[in-house]
Amino acid sequence: MMNSKLNSQDLPALLTGIMATLAGIGIARFAYTPLLPAIIQQGWFTASQGAYLGAANLLGYFIGALAAHSLSERFSPRKVVCASFAGIALSFMLCAGEGGFTWFFFWRLVSGIAGAILMVVGPSLALAATPPEGRTRVGAMVFTGIGLGALLSAFIVPLLIELSLAFTWGTLGLLCIVAGFICDRGITRLASPVMANPGGNGRKGYAGIKVVVLLVIGAYALDAVGFVPHTVFWVDYLARENALGNQAASLQWGIFGLGALCGPFMVGALAQRIGWHRGLAIAFVAKAAAVSLPVFSLALLSQSVSSFMVGAMIPGIVALTSGRLAELVGPTAHKKLWGQATAAFAAAQAVAGYAMSALYELWGTYAPLFAIGGLMLAGGFLLVLLSRGVQQRHSHLTVQNRKQ
């Protein structure tokens, strides 16, 4: 059961995890979304080039997800985290001026690599130093950094763009430096992971439910495809393609950020009431509907519902998938499997980012991409349902074998 009460002992872990997710996705990726229309309008890049630069971050995220575990094992996790914050800060500061496509592509790639490392290592450090009874509570809250970053970018970026696009890039770099110092302060105050981490208690039946685990990871990978349209193209779709303007689009990005801030709390309460599996299934249905909604209506209410629910379900499905995998295999096997799930998510996300950028270049409109995202999420919902059926069949066969 989730205990919602926080205490002072949770603070270092929360500072570590929230600042890592704030910079890793909240700034490194989400701050680029409200920047995209201004980059195109001010002639820095064409619309298709801007879309490919967004996809460069997704490719970097895949590379970083693959490298994060080995880097944190080979080097001091504190040094790895600090280097990642520095990489994101540099990626913004060195793009604070008109440059070539290759230069921007490289630094957007670096921001993706560093962002993924923070998303894997930061929350892991936080959870390893948290007593078992507090891990569900802290584990949900560390992902609020994603929403906090989206909110900051939604309200700060439009104001900064009014001053200067170059100044906006530089200021976001400074924000990453500040977040890095706060995160480092949290890391230095973390409890010893050896004392906080109990002995392994993984489930012996893990081999028998590999298919169930693969189905859940497959659903998570499809979630990554549905994740792309709103996180890369949403603001530009509203501001330019539908001529709603930067202010209206930025408002929607703020609603998106508010949803991302609320999402971990929403799914935590949901999982406590109905369990990880049912919670995950409901989250996929809600997200599929919310991603598809702009295809049918762009009324203010429709935009706002879509923005809030997609924002909420981004960290929500992350938390629910993690919880579901832990439920299936136990905490000992969870760490390795969560790394594999993150890599699968990142790979699907990178492929979808490039494919959708190419489709936009071909079609000249973002609208079909939201329909594709909705269909992929519907497919993820079916895989979640199928995983439950396979698990029940496996449990039935296990009982029969024991009787024999």
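Residues numbered from 1 in each chain as written. Predicted model: local features only at pLDDT ≥ 70, side-chain atom pairs only at ≥ 80, totals over all residues. Heavy atoms only, no water.

## Topic: the nonpolar core
Within the largest apolar cluster, 119 residues are counted, with the highest numbers of intra-cluster contacts made by Phe 30 and Trp 169. For this core, the element with the highest residue contribution is helix H13 (residues 300–363), accounting for 21 residues. Shared between two domains, this core holds at least three residues of each, these being domain 1 (9–192) and domain 2 (204–395). If we skip the residues at most four places from it in the chain, Trp 169 touches Tyr 32, Leu 35, Ile 39, Trp 44, Ser 91, Phe 92, Met 93, Cys 95, Ala 96, Phe 104 and Arg 108. (Core = buried A, V, L, I, M, F, W, Y, C linked by side-chain atoms within 4.5 Å. Buried < 20%, exposed > 50% of the residue type's maximum accessible area, 1.4 Å probe, protein only. Helix = DSSP H or I, 4+ residues; strand = E, 2+ residues; numbered from the N terminus. Domains from an automatic or database assignment. Contact = heavy atoms within 4.5 Å.)

## Remarks on the domain arrangement of the protein
Taken domain by domain, the protein comprises domain 1 (9–192) and domain 2 (204–395). Computed over C-alpha atoms, the centres of domain 1 and domain 2 are 20 Å apart. Between domain 1 and domain 2, the contact holds 38 residues from the first and 38 residues from the second. Contact with domain 2 buries surface across domain 1, with Thr 33, Tyr 52 and Leu 58 losing the most and accounting together for 17% of the total. Summed over the shared surface of domain 1 and domain 2, the result is zero salt bridges. The interface formed by domain 1 and domain 2 includes four residue pairs in polar contact (both at pLDDT 80 or more). Among the elements that make up the side of domain 1 that touches domain 2, the one with the highest residue count is helix H3 (residues 47–74) (15 residues). Here the side of domain 1 that touches domain 2 is composed, by residue class, of 28 nonpolar, eight polar and two charged. (Buried area = accessible area lost by both parts, 1.4 Å probe. Salt bridge = Lys/Arg side-chain N within 4 Å of Asp/Glu carboxyl O. Polar contact = N/O pair within 3.5 Å; in protein donor to acceptor, adjacent residues only side chain to side chain. Nonpolar A, V, L, I, M, F, W, Y, C, P; charged D, E, K, R; others polar.)

## Points about the packing of H3 against helix H5 (residues 101–128)
At a minimum axis distance of 6 Å, the contact between H3 and H5 shows a crossing angle of 40 degrees. Compared by their axis directions, H3 and H5 come out oblique. Considering how the two elements wind past one another, H3 and H5 form a crossing that is right-handed. For the contact of H3 with H5, the class distribution of residues is 19 nonpolar, eight polar and one charged. (Axes fitted to C-alpha atoms, helices over the stretch in contact; angles between N-to-C directions. Parallel < 35°, antiparallel > 145°, perpendicular 65-115°, else oblique. Left-handed = near helix turned anticlockwise from the far one by under 90°.)

## Notes on empty space enclosed by the protein
With a probe scaled to a water molecule rolled over the atoms, the places where space remains empty come into view. Tallying each qualifying case throughout the model produces one cavity of 30 Å³ or more. In this structure, the largest cavity encloses a volume near 40 Å³. Looking at the largest cavity, the residues that line it are Arg 29, Tyr 32, Thr 33, Gly 54, Asn 57, Arg 108, Thr 231 and Val 232. Those elements that place two or more of their residues in the lining of the largest cavity are helix H2 (32–41), H3 and helix H10 (210–241). Of the residues that constitute the lining of the largest cavity, the class distribution is two nonpolar, four polar and two charged. (1 Å grid on protein atoms, 1.4 Å probe; cavity = no way out; pocket = protein on both sides within 12 Å on 5 of 7 lines; lining within 4 Å. Points joined across faces, edges and corners; volume = space filled by probe spheres on them.)

## Side note on the packing of aromatic side chains
In total, this model carries 22 aromatic pairs according to the counting rule given. Sitting over the face of the ring of Tyr 61, Arg 29 holds its NZ or CZ atom 4.8 Å from the ring centroid. (Phe/Tyr/Trp six-rings, centres within 6.5 Å; stacked < 30°, edge-to-face > 60°. Lys NZ or Arg CZ within 6 Å of the ring centre and 35° of its normal.)

## Some details on the environment of Leu 22
For Leu 22, the position within the fold is in helix H1 (residues 11–27). Looking at Leu 22, the relative accessible area reads 5%, which means it is buried. Along the chain, Leu 22 and Phe 92 lie 70 residues apart, while their C-alpha atoms are 15 Å from each other. Discounting chain neighbours no more than four positions away, the residues touching Leu 22 are Ile 27, Gly 145, Ile 146, Leu 148, Gly 149, Leu 152 and Ala 179.

## Some points on a nonpolar patch on the surface
A grouping of Leu 90, Met 93, Leu 94, Trp 103, Leu 174, Ile 177 and Phe 181 is seen on the molecular surface, where their side chains present a nonpolar patch of about 660 Å² in accessible area. In terms of residue count, helix H8 (residues 165–188) provides more of the nonpolar patch than any other element does, three residues in total. Following the sequence through the fold, Ile 177 ends up in helix H8. Using a relative accessible area of 35% as the deciding quantity, one classes Ile 177 as partly exposed. (Patch = residues over 30% accessible without salt bridge, like charges linked within 9 Å, V, L, I, M, F, W, Y side chains within 5 Å. Areas by Shrake-Rupley, 256 points an atom, 1.4 Å probe, with all protein chains shown as cover.)

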